[in-house]
Each structure stands twice: as structure tokens, then as C-alpha cells.
Amino acid sequence: MSSDSSKLLPEQRPVLQSCYGTAREQSPKESMDLRGYQKVLWRVILCHVFTVLTAGLPLILFHWKPHIAVFIKCRSCALRQADYVIIQDSSGQQYTIDIITEEIDEESVVHPGIDLEEDDWRDTVQLHKEQKTVLRYYTFEGMRYIWMPKKGGFYKVSTLDENWTIGDVHRRKKGLSLQDQASKRKIYGQNLIEVPVKSYFSLLIDEVLNPFYLFQIFSIILWMCDNYYYYAVCIFIISVISIGISLYETRKQSITLRNMAHLTTNVTILRATGEQATVSSLDLVPGDCLLVPHEGILLPCDAALLSGECMVNESMLTGESAPVMKTPLPFGPQASNKIYSPNEQKRHTLFCGTHVIQAKAWDNNRVMAVVVRTGFYTAKGDLISSILYPKPVSFRFYQDSMKFVLFLGILALIGTVYSMVILSQNKTRWETLITRALDLVTIIVPPALPAAMTAGTIYSQNRLKKHGVFCISPPRINVCGKIKLFCFDKTGTLTEEGLDIWGVVPVSQQDFAELVPEPRILPQSPLLSSMVCCHTVALLTDRCIGDPLDLKMIESTGWILTEPTGEEDIAKLEQQFGMKVVCVMRPPDIQDQHHGTELRDPIGIVKRFPFSSNIQRMSVLSKKPGGPLEAYLKGSPEMVASLCKRNSVPQNFTETLKQFTRDGFRVLALAYKEMTDVTVDPQEVERESVENDMVFLGLLVMRNVLKPETAPVISTLRNAKIRIVMVTGDNILTAVNVAQNCGMVATGERIIFVHASPPVHHKPATLKFLLAESGTYGQDSAEVITQGLYQQGSHFLDQGPYHLALNGKSFAVLCEHFRNILPQILVQGSIFARMAPEQKTQLVEELQALNYCVGMCGDGANDCGALKAADAGISLSEAEASVASAFTSKIDNIECVPLIIREGRCSLITSFGLFKYMAMYSLIQFMSVLILYSINTNLGDFQFLYIDLIITTSIALLMGKTGPAKELCPERPQGSLISIPVLGSLLLQTFLVLGIQIGCYFITNSEDWFVPVNATSLFPKNLPNYENTALFCVSGYQYLIVAIVLSKGYPFRKPLYTNVIFLLVLLVLFGLMVWITLYPAHFLLMILQLKEIDDMNFKLLLIGLCALHFICAFMLEMAIEYGMLNCLRRLRGQNESKKAYKRLELYLKQQPSWPPLEQVIQAKPGITIHIS
């Protein structure tokens, strides 16, 4: 049997091509098509003349679509000649940007940096005929793009510094001269993250010119012309109040964001002359040497740390509350030629917006950092940009809603034509005919539709806030209703943040000794020293701060951290240890030491190489008084073992590690070596020269227990058929144990490891699937293989579901060498271990490419990229709002996940219900008016007011208040408006409404007391009349009936009766309609312009007709819900799913031998797996 699964995958989107040369970035957001346009004088003059002649109407069009103004006034040209550029991003949105031209001094052309080609700097400017030096640039989403003639395109100004090497950064520690700084500032602009805050007048113009409010203005004028004075005035007042609230909220949000983004402070920099100068942070440019004060500072830029150590709180960017240690950027022969990247060297980079809690100097009492990025190019600027200019939410519901509004517009056009024919037959005057015809347009397209659709989202957002969950992107709430797959980080998310030290396993004679449960009883040895000093903990006002794991490790040894407090103390320690030390670890007092141990010698920490998740380790240089310089290493066991001498690693290393990790322990390895061959200053020693040829010391074993809420939540999600994926940086066996303990892998489900190896020695990359050692029935993989079960039709795999588990290395190989097999692994992969932060992000994006709606939950830090990439990212943080993700939860466990999904489903189904209700409200009124037009009459002024304000507005505001169901059901709500159930429901309900109204009309006409409308009398003089009164009463009930029928509860929302306020309002409105129908007061008849009817039997008949409508409408909706329209799907035929992951799941079910256990698959170009 052979198949090609590549046909099941979504097609690759074509990359936009430009005719004129433009900078292309890797990010989809920055993949832009740029086209240049140059002004044409005669076109500009003609456009101005036409605008004057048409009373400025083109200006409204230009306000909505600025690129149309460019098309009319300009001609296409090369970018180097352009006055404007039109940018089209990867989502198809277009932006019109002015090109700015500035004259600058000749001195600004010379690049003030060191060892950079002057031509690259000169490439940013042009020399015109008059020999004027001109800079051409435009600003887009806060970033400046400059013209580079030699490269033939506009590039981010940050491109000038992207190729800095680490050596270049270090050479800038001398600082810039005043002239150099001023020159660079003209190119880079101010160091400012500027959030535009428009004035109230400007906001008013934008709001009034919004198509919605223009339609409102048009409608109000039309109603005034048709003598609906009261109705028009009321709508005008409501619109003014609505605009006022909108302007206030918009400006308030802009000011809040501006205050969060704005950061201006005075900083001290070093000039090229060696002098210090205090300048405004607005004047900082890349290349400035910043002096970090010892008491700390709120960073106004991104800067590479060159000397000293900084303890930094990065919670604003990552949501991670634990402070992070920053150490100097390495400098040496090997490191100096590497390209500097703030992301790759993040442990040596101080990021804008983060708070330096304290800084400690080593040389000349200075903590120096070189500015590398400013303004929107900083990490904070990037996050603020993502808030100001979020990527469009590609959600089918929003796309379909626009199509449906267009459909209503077409319906309005048909009704307009019909009304014009009917009214012309009744010999209506032409001005009245036009007014009535246009009036239908204002009825069929409800102006309150956009506001009504957001009501459910607003209610959900407020309910989430009460539960400690904050959302900075409300449209994402509806997206949560469609989540099919949820990714979880492990440590701090599924398990407790803090780790308990279980013990340490020393190495003795090339073998592991017994586990020592109390590290404090260890004798003076390299193993104890490694636990004592291999950390990044610092003191802040006599309190230890740092990584929780490091704090627990130090606590378990009983040693005490001290730091020098003054120059005298520093000199004393330098004399004691023979070199400068950052801090000193001192043994506990003799009386506090374990019996039989006597620890007296302190250990000085000389230099730290902080932990990096990419390389899975950290190391330090330390020294004892009179002893040699020593290096200590701590990290993942596999990584540490690979950096140790082979003969120092115990032979049973793998078995021992498996034993601990399989039992769910988190394991770190420790190693050391003596640095006897160091001939340079220890501060200049490179990490690469330290972390090799180490001696393996032992294992540090920690217990990482599940949070009590984890297992119940995982069970809830699995019961709701939401796929669960674990993405962690921990060991794969530890991850498997946690997955089994929390129920992610249930009893009876197997685990298959995916092992992919990169190509070596001209051999291709390979892929292998290995069954986990412990099968469901207690058989190990060897026994299963010998039985040949997988080779005989894979009956073993037929015994039940299985999960694929792989690590970051295998994932990287799959992404590079097995692209067509990767989707098949992703649809069955549940455990992804040893994943680097960028791999987590890549995994989320790969899952989205398979059409999964992906959620991600993590505790910040290493999860930031994945949280931002996910359709719904949830950061577990104490912050009220984190810019790292759409959702921030103060609940420090995953209980917030089902809560957000339930609210998402509730909000989505509410949006559907409100949309259908507003459509039905328009159609009910539309049909009533069309029937009344046929007899040359209409609804009265106060009748419209009663229907639109008292009935519809009350229902639209309160209908969405119903809360979410308490349980997550396996079904997901419908995501598309253009579907058979939704359109079928609206169509059938519309026919039912029409039938009831026509029946009401003919029943009224058949009564003995009926008097038809006077044909010679024109509206509104022919009010009141019997036809109008009967239709008004019946339609009044119909608005309430459809509100009840469309207030769907089960299984996504609570029942209607739980929405007490909505229920009370419905009862009041029903009572009001019964009063108006049966026993109307005289003043009510006068106000509503209703005809008094004395026949009680007729009135009861109208109520009976409405009761019949309610029964039929309710039964119809129930029948549709239970699949009455499924026959239409069968008639349409069995269509293949549009979701790539569903097609893959179906394909894999038809492959009895997938995955091919124990078979080696080699990577080949265009590989297709053939399984027999």
C-alpha cells in the first residue's frame, strides 16, 4: 500500500513580489510589498477642483481609502523617485506613507563607528545636483525606514547596526563624541516609543467619518424628511452619547498605553574623551556607552552589558517574577568575531522597559553597557508595536459577518425596487417614493449591529476579570471558543514552581554511589563546592534573590552568601583570594555543621556564565584562598556529560538517569575542572574554554510535584476532546512521567519515541520510531519486537491509542530534513521535551499551519514567543496585564484554561445569537413595512421608537449577559455564519415570521368591523388604521419570540432563566405587549397612533397566533439543532474536510503500519513513506 500524505497539507502561500526593490524580513508581519508613487501636478489640480465642485465628497473616500488618493494624484515610479509609498503587508492590508526628505550636514555622512565600511553609512544619503546631502526615509508602525541607493530599497535604520560583531560592541565602550552622537541622532531619530494620542477634535472627525456613523447621519436626515421627528431626535441623542463615550474610552486607552510606553529619564554616558555626561534618554543612539548606576535604573533602551553584573526584573516583558542575573558580554579571540544578537546574547543584554534592581561593578567602579537598540527597535518597542498594530485576527466568524451584511444590503435593494413599484402604482409623489424606498435600507441593515456583536465579548471579558484573568485583545475571546489543541509548559505550569531537593548522587570510582538525601552532610569536595557556588543568586538588602532552583540548592547546603560592601572590603577579599571576586560563599558556623564535617574555607565566585535554555547549562569560575582557579558546571545531564571527559562519566549513567526521570524527578548534572592554564585576567576567559574536558561529579535530584489542580483540568480538557500537548525544556523521560501522572497519557495508552538524527559523514539524516520500554501489558519493547507484532499488520498498535514523544534535537532534524513527515508526527505528538524557546514558537506555528486553533499556557520567560504566536496565549503571572500574551491569569495554575475556553465558547455562541437576532429584528420590521407599503401606510414615529429602543435595544444589551456552561462539552460551537444550520435557521424563521404577518393581515381584513385604509389619505395622515395596529401588535411579540428562541443555552451557555435581568425584562416587555393588545390605555393609543379595537375575541386570536408562532419557532430551532438540515449536506455529497489535521488523522487511520516501529527511515529529496 502506498500513499502520499503531502496532498493532504495546505498549499504554501505565495510570497509577495515587488517590482521596485524593498527590504524583506523573515517575519510574516514584516514581509511587505512596497510600491512608489510620484506626484503629478495636473492630476493634483484636477483632483482639488473636483473636490470643490462635489462639496468635498472625495475627501471622505480618501479618508477611508488613502491609497485611492495616491492612485488619482500620482503616477507609479521607482522607489528612489517616490513621494509616497503604498505598503501591502502579508495579510493584504494597505498603508499609504509619505516619504520624508531632510537635508543633513556633510559630517553626518561619515559613520562614527569603528571598523565599519564608510560606504554602508554613505549609502543612507544622496547627493543632489546642488551637492546637498539629503536623507530620505519614511516611518511605518513607529519604525524608520531609510533609503539606501546601492541596495535599491528602503531598509530599517537598525539594519546599519545588525552586523555588529561582539568585538565591535566591546570597542564602543569608549563612547561617542558629541559630534558623532548628534550625527547619528539625525539618522536614527529620538530614542522614543511614541504612542500617538489624538486630540478630541481629531478623534471626533475620525468617528463621524466612520461608515457606521455616516450611515446614521444619512438615516437621521432621511427620517426627518419622512416626518419621524421624535425617532430621529432620540437616535441623534443616543448617537451623540455613544460617540462621546467612544471618544473618551479611546483617548483614555491611548493615554494609558502612552504612559506605559513613555520612558524618559536622565542617564550618564561616557564620551570618547573619557568624560562623563548626563543626557536625556531621548538623545541616546546605538553606540553610546551607558553607565548603569549601582542603585539600579529603569532601562530606556536595549544595551549590551560590558562590565559588572546586573540583577534585572523582566516581568514587564516576560511575566516572569524571578529576577534574572545579567553578566558581561564575553570578549576574546573566539567570541569577538561572532555577530552580536540581543536575542542570542539575552543573558548579556539589558532590555528596554526592564528594571535593573542593582548593579555591581568590577572595574573602575563602573557598570558599563553599550546601547544597541533604541525606540521601537527595542524589545519593549516591539511589544508596544504588537499592541498598537496587532496582526489581524483571521477568524471566519468576522469574515462571514461582513458577507452577511452585504447579503442584507442586496435584500434591501430588492425591497427598495419592490417598494418603488408598489408605491408608484399607488400614485405616490416621487419625493415620497424615494424617501420611503431609502427608508427600507435603514431598516434592513441594522446600524446597531457592530455594537450588538461585541456585547457578548464585553460581558465575557468582565467575567474573566472577576476571576483574575485579564485580556488585552478582546477579539481573542471569541477565538478561544474554537480551540482544538492546547499546549502547556511543564515547570511552573503543570508542576509546582519551586523544586524540593530530593538528594545528590555522587560519583565514586567511576560509578554512582548511594543517593545522599541531605547535601549539607557532604564533606568538603568538588561536589559540595559545585552546589555551593554554581548559581546566579545575589543579595538585595541582605535578602537572596534569583532563580528558585538556585535558592533551594544553596539552602540545602546551609552555606551563606556574602558580598563586598565597599572598596575596603573589596580590597580585603582581593588580597585573601588573590584576585577580584563577585561574591563569597561561606560555610555555616561549626555548631550548625553536621557531625563529622568541618568546613572552614570560603569560596569566592570570580565570574559567572549564566544559564541559557538554548545550551542547557551554566558555569562559574571560583577560587578558594590559596587554591587554584576552578570551573564548575551545572545543566541538563545529557549536555553536561557531553562536555566531560569520557572516563569520568559513570558507565551506568544512562540507566541511572532513566531511573530518576522515569519516576518524575528533575535531574541536573554537576561537573568541574581546575583552570591551571589560565594566563589572562579571569574576567576575559571565554565560556568555550571553560566548558570542556570537565570531570563529572554527580547528579542533583529534585522533586517536581504536580500542582493539585493539574490532573482534574487535564481530565476536563480530554473529556472535551481538546488535544493536550506538553512543550518543555526538561528531560523527555521526566516529561513522560508528568504526562502519565497528570492524565495526559492515560492508562492503556502507549508512548512511542521519535528519534531523528542529523546527517553525518555524508550519510543522510535518519528517523526511527521506538516503542517506550514499558508497554500497556507490562511487556518491554524487546519482547514486543521479538514477537514481530508491528511487522504483522501492527496489531500491537491496534490495541489502543498511542502518543509520540520527541526532543528538541529530533524536532529540529524533522523540520529541516523530514518536512513531509513532520505533519504526521505533529497530529500525534503529545510530548515535546528539551525544546528551546524558539522551537516552542516554531511548534505552535507548525500546528497552526495544520489548521489547528492553538492555545498556549506558560509562566512567561522562555514561553514568550510561543504565547504571542498562539491563537490564545495565557501567561500565568501576578501582573494585571502582560504584553507577552493576549491573556494574563493571576490564578497560578491551569484552572484558568477551561474557564477561558468556556467563556470563549459562550462569547462565540452569544455573538452568533445576537447576530441572528439583529438580522431577524431587521427582517421582521422589513416585512411589516413592506406589507404596510402595499396599502400606502407605514409604522408610526413612536411605533418605531418603541420597537427599536424599548424592545430591541433592551434585548441586544441583555441577551449576551447569560454566563457560560459549567462543564466543557466535547462539541465545539459553529465557527461560520455561512453554514447550512445558521442560514437554514434564519431562512425558515423568516418564512415563519412572514407567514404569521400575512395571516394577521388577512385575518384583520376578514373581520366584519374592518374598515380599510382611505386610499386618498397619505401617510402619516392615514394613521391610526386597523392594518397598522394588528401588524404592530403581532410584530411586537415576534421580536420577543425570536429573542427567546435564539437565546440558545445548552451546551455552551447556562439556561436563559439564569440571566435574571434579561428574564425580567422579557416578562415586562411581554406584559407591556399584552397590555397594549388587550387593554390599552387611551394615552397609549394616542402616543403609539393605534386604532382602538373592541373585539376581544380578535385580540385573543392575535395572541393565539403569536403563541402558535412561538411553538413553531421553538420546535423549528430544536429540529435544526438535532440535524433536520443534515439531509442537505448528504445531497451536497461527502466533502473532504477543509482542516489539514482532520485529513491527516483520517489518512493515518487508514495506515495500519504507521508508525513503522524500529525501521530506519533515511531522508531523501521529496520523500514519501510507503508502508506495506
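Since the model is a prediction, treat every value here as computed from it, not as a measurement.

Participant: Outline the overall build of the protein chain, supporting the account with residue identities and numerical values.
Facilitator: In terms of helices and strands, the protein chain carries 37 helices and 40 strands. Among the 1172 residues that make up the protein chain, the fraction classed as buried is 55%. A fraction of 73% describes how many contacts in the protein chain between residues 6 or more apart in sequence connect residues 24 or more apart. Counting every atom, the protein chain has about 52100 Å² of accessible surface; 57% of that belongs to carbon and sulfur.

Participant: Tell me about the packing of aromatic side chains, and please be specific about residues and values.
Facilitator: Applying the stated criterion to the full structure yields 27 aromatic pairs. Seen from their ring centres, Tyr95 and Phe140 are 5.1 Å apart, and the 65° between their planes marks the pair as edge-to-face. On the criterion of sequence distance, the pair formed by Tyr95 in strand E4 (residues 94–98) and Phe140 in strand E7 (residues 133–140) is long-range, its members being 45 residues apart. Pairing Tyr138 with Tyr145 gives two aromatic rings, centres 5.0 Å apart and planes at 5°, and the pair type is stacked. Among the aromatic residues, those joined into a cluster by ring pairs are Tyr138, Tyr145, Trp147 and Phe154. The ring of Tyr1026 has Lys1091 lying over it, and the distance from NZ or CZ to the ring centre is 5.4 Å.

Participant: With reference to specific residues and values, describe the sheet that holds strand E3 (residues 84–88).
Facilitator: Strand order in this open sheet of four strands is E2-E1-E3-E4, and the pairing throughout is antiparallel. Looking along the sheet, the strands with just one partner apiece sit at the ends: strand E2 (74–77) and E4. Taken over all neighbouring pairs, the strand axes of this sheet differ in orientation by 30° on average, direction set aside. Note that strand E1 (residues 33–39) and E3 share five bridges and pair antiparallel. Within the sheet, the bridge partner assigned to Arg35 lies in E3 and is Ile86.

Participant: Hey, could you go over helix H32 (residues 1026–1045) for me, with residue numbers and the actual values?
Facilitator: Along its 20 residues, H32 runs 29 Å from first to last C-alpha, staying within 8% of the 28 Å computed at 1.5 Å per residue. Taking burial as the measure, the 20 residues of H32 include 19 buried ones, the bulk of the element. Sitting at the head of H32, Asn1025 places a side-chain oxygen 3.4 Å from the backbone nitrogen of Glu1027.

Participant: Give a detailed account of the pattern of salt bridges, specifying residues and quantitative values.
Facilitator: By the definition in use, this model includes 18 salt bridges. Salt-bridge contacts for Asp206 lead to Lys198; the nearest nitrogen and oxygen are separated by 2.6 Å. In this structure Asp206 comes out as partly exposed when scored by relative accessible area, which is 24%. Salt bridges here are not isolated pairs; linked through shared partners, they connect Arg617, Arg687 and Glu691.

Participant: Which residues make up the pairing of strand E10 (residues 266–270), and what values go with them?
Facilitator: Along any regular strand the residues' side chains alternate between the sheet's two faces. Where E10 meets strand E11 (residues 276–280), five bridges bridge the pair, whose relative direction is antiparallel. Counted as the bridge partner of Ile269 is Ala277 from E11. The antiparallel hairpin formed by E10 and E11 contains five residues in its connecting segment, where Gly274 sits at a positive phi of about 95°. Across three bridges, the pairing between E10 and strand E12 (residues 289–291) is antiparallel. Counterpart to Ile269 in the pairing with E12 is Leu290.

Participant: Outline unusual backbone geometry, supporting the account with residue identities and numerical values.
Facilitator: The linkage connecting Trp1154 with the following residue, Pro1155, adopts the cis geometry, with an omega of -5°. With respect to the helices and strands, Pro1155 occurs in the loop between helix H37 (1140–1149) and strand E40 (1161–1162). Phi is positive for Gln1089, which is not a glycine, with a value near 55°. As for its position among the elements, Gln1089 is in the loop between helix H34 (1082–1088) and helix H35 (1096–1121).

Participant: Please give an account of the confidence of the model for the protein chain that cites residues and values.
Facilitator: Chain-level pLDDT for the protein chain is 81 on average; 87% of the residues reach the 70-or-more range. Every residue in residues 774–797 scores below 50 in pLDDT, and together they form 35 contacts with partners more than four places removed in sequence or on other chains.

Participant: So what about the packing of helix H31 (residues 980–1005) against H35? Which residues, and what values?
Facilitator: One can describe the packing of H31 onto H35 by two numbers: an axis separation of 10 Å at closest approach and a directional angle of 165°. Taken together, H31 and H35 sit at an angle that is classed as roughly antiparallel. Relative to H35, H31 is oriented so that their crossing is right-handed. Two secondary-structure elements touch here, H31 through Pro981, Gly984, Ser985, Leu988, Gln989, Leu992, Val993, Ile996, Cys1000, Ile1003 and Thr1004 and H35 through Phe1098, Leu1101, Leu1102, Leu1105, His1109, Cys1112, Ala1113, Leu1116, Glu1117 and Ile1120. In terms of residue class, the contact of H31 with H35 is built from 15 nonpolar, five polar and one charged.

Participant: Explain the pairing of strand E33 (residues 750–757) to me, using residue names and the numbers behind them.
Facilitator: Extensive coverage of E33 is indicated by the burial of six of its eight residues. Two strands pair when backbone bridges link them, and E33 and strand E35 (residues 802–807) are joined in this way by four bridges, in the parallel orientation. Bridge assignment links Arg750 to a residue of E35, and that residue is Tyr802. Bridge count for E33 against strand E34 (residues 766–771) is six bridges, and the pairing is antiparallel. Bridge assignment links Val754 to a residue of E34, and that residue is Phe769.

Participant: Any details on the packing of helix H25 (residues 808–817) against helix H27 (residues 837–849)? Residues and values, ideally.
Facilitator: Contact geometry for H25 and H27: axes closest at 11 Å, N-to-C directions at 50°. Comparing the axis directions of H25 and H27 gives the class oblique. For the element pair H25 and H27, the recorded crossing hand is left-handed. Here Gly808, Phe811, Ala812 and Cys815 of H25 come into contact with H27, specifically with Gln839, Gln842 and Leu843. Residues belonging to the contact of H25 with H27 are distributed by class as follows: four nonpolar, three polar and no charged.

Participant: Could you give an account of the sheet that holds strand E38 (residues 872–876), with specific residues and numbers?
Facilitator: A sheet is described by the order of its strands in space; here eleven strands give the open sequence E20-E39-E38-E37-E21-E32-E36-E35-E33-E34-E40, paired in mixed fashion. The strands lining the two open edges of the sheet, one partner per strand, are strand E20 (469–471) and E40. Strands strand E21 (485–488), strand E32 (723–727), strand E36 (829–833) and strand E37 (854–858) of the sheet are contacted by H27, whose axis makes an angle of about 160° with E37.

Participant: Please set out the nonpolar core residue by residue, giving values where relevant.
Facilitator: Grouped together as the largest cluster of nonpolar side chains are 89 residues, with contacts concentrated most on Tyr917, Tyr946, Ile951, Ile955 and Ile1076. Among the elements that take part in this core, helix H29 (residues 896–933) stands out by supplying 18 residues, more than any other. In this view, Tyr946 contacts Ile951, Phe1032, Leu1069, Leu1072, Met1073, Ile1076 and Leu1088; residues no more than four positions away in its chain are not counted.

Participant: Which residues make up the environment of Tyr229, and what are the values?
Facilitator: For Tyr229, the location among the structural elements is in helix H9 (residues 229–261). Taking the C-alpha atoms as reference points, Tyr229 and Asp941, separated by 712 residues in sequence, lie 7.3 Å from one another. Here Tyr229 is in contact with Met224 and Asp941, once residues within four sequence places are set aside.

Participant: Can you break down the environment of Pro506 residue by residue, with the values?
Facilitator: Mapped onto the fold, Pro506 is located in strand E22 (residues 500–506). Those residues in contact with Pro506 that lie beyond four places of it in its chain are Asp511, Phe512, Ala513, Glu514, Val516, Leu527, Leu697 and Gly698.

Participant: Report on helix H30 (residues 941–958), specifying residues and quantitative values.
Facilitator: If you check H30, its first and last C-alpha atoms are 25 Å apart, about what 18 residues at 1.5 Å a residue would give, namely 26 Å. The principal kink in H30, of about 35°, is found at Thr952. All of the buried residues along H30 are Asp941, Gln943, Phe944, Leu945, Tyr946, Ile947, Asp948, Ile951, Thr952, Ile955, Ala956 and Leu958.

Participant: Give me the lowdown on the side chain of Glu309, citing residues and values where you can.
Facilitator: With respect to the helices and strands, Glu309 occurs in strand E15 (residues 309–313). When its relative accessible area of 2% is taken as the criterion, Glu309 is described as buried. For Glu309, the side chain forms a polar contact with the side chain of Arg608, separated by 3.0 Å. Once residues within four sequence positions are removed from consideration, Glu309 is found in contact with Met325, Lys326, Thr327, Gln358, Ala359, Lys360, Trp362, Val582 and Arg608.

Participant: Hey, could you go over a nonpolar patch on the surface for me, with residue numbers and the actual values?
Facilitator: Together, Met224, Tyr229, Val233, Phe236, Ile237, Val240, Ile241 and Ile245 make up an exposed nonpolar region whose accessible area comes to about 740 Å². Looking at the nonpolar patch, the element that brings in the most residues is H9, giving seven residues.

Participant: An account of the state of the cysteines is requested, with residue identities and associated values reported.
Facilitator: Applying the stated criterion across every chain, the model contains zero disulfides. Just so you know, Cys853 is unpaired, no disulfide at all, and the nearest cysteine sulfur is the one on Cys480, 7.4 Å from it. We note that Cys1106 lacks a disulfide partner, and the nearest cysteine sulfur, in Cys1000, lies 7.6 Å from it.

Reading the values: the criteria
Residues numbered from 1 in each chain as written. Predicted model: local features only at pLDDT ≥ 70, side-chain atom pairs only at ≥ 80, totals over all residues. Heavy atoms only, no water. Helix = DSSP H or I, 4+ residues; strand = E, 2+ residues; numbered from the N terminus. Buried < 20%, exposed > 50% of the residue type's maximum accessible area, 1.4 Å probe, protein only. Contact = heavy atoms within 4.5 Å. Areas by Shrake-Rupley, 256 points an atom, 1.4 Å probe, with all protein chains shown as cover. Phe/Tyr/Trp six-rings, centres within 6.5 Å; stacked < 30°, edge-to-face > 60°. Lys NZ or Arg CZ within 6 Å of the ring centre and 35° of its normal. Pairing = 2+ DSSP bridges. Axes fitted to C-alpha atoms, helices over the stretch in contact; angles between N-to-C directions. Expected span 1.5 Å × (residues − 1). Polar contact = N/O pair within 3.5 Å; in protein donor to acceptor, adjacent residues only side chain to side chain. Salt bridge = Lys/Arg side-chain N within 4 Å of Asp/Glu carboxyl O. pLDDT = per-residue confidence, 0-100. Parallel < 35°, antiparallel > 145°, perpendicular 65-115°, else oblique. Left-handed = near helix turned anticlockwise from the far one by under 90°. Nonpolar A, V, L, I, M, F, W, Y, C, P; charged D, E, K, R; others polar. Core = buried A, V, L, I, M, F, W, Y, C linked by side-chain atoms within 4.5 Å. Bend = angle between axes of the 7 residues up to and from the residue. Patch = residues over 30% accessible without salt bridge, like charges linked within 9 Å, V, L, I, M, F, W, Y side chains within 5 Å. Disulfide = S-S within 2.5 Å.

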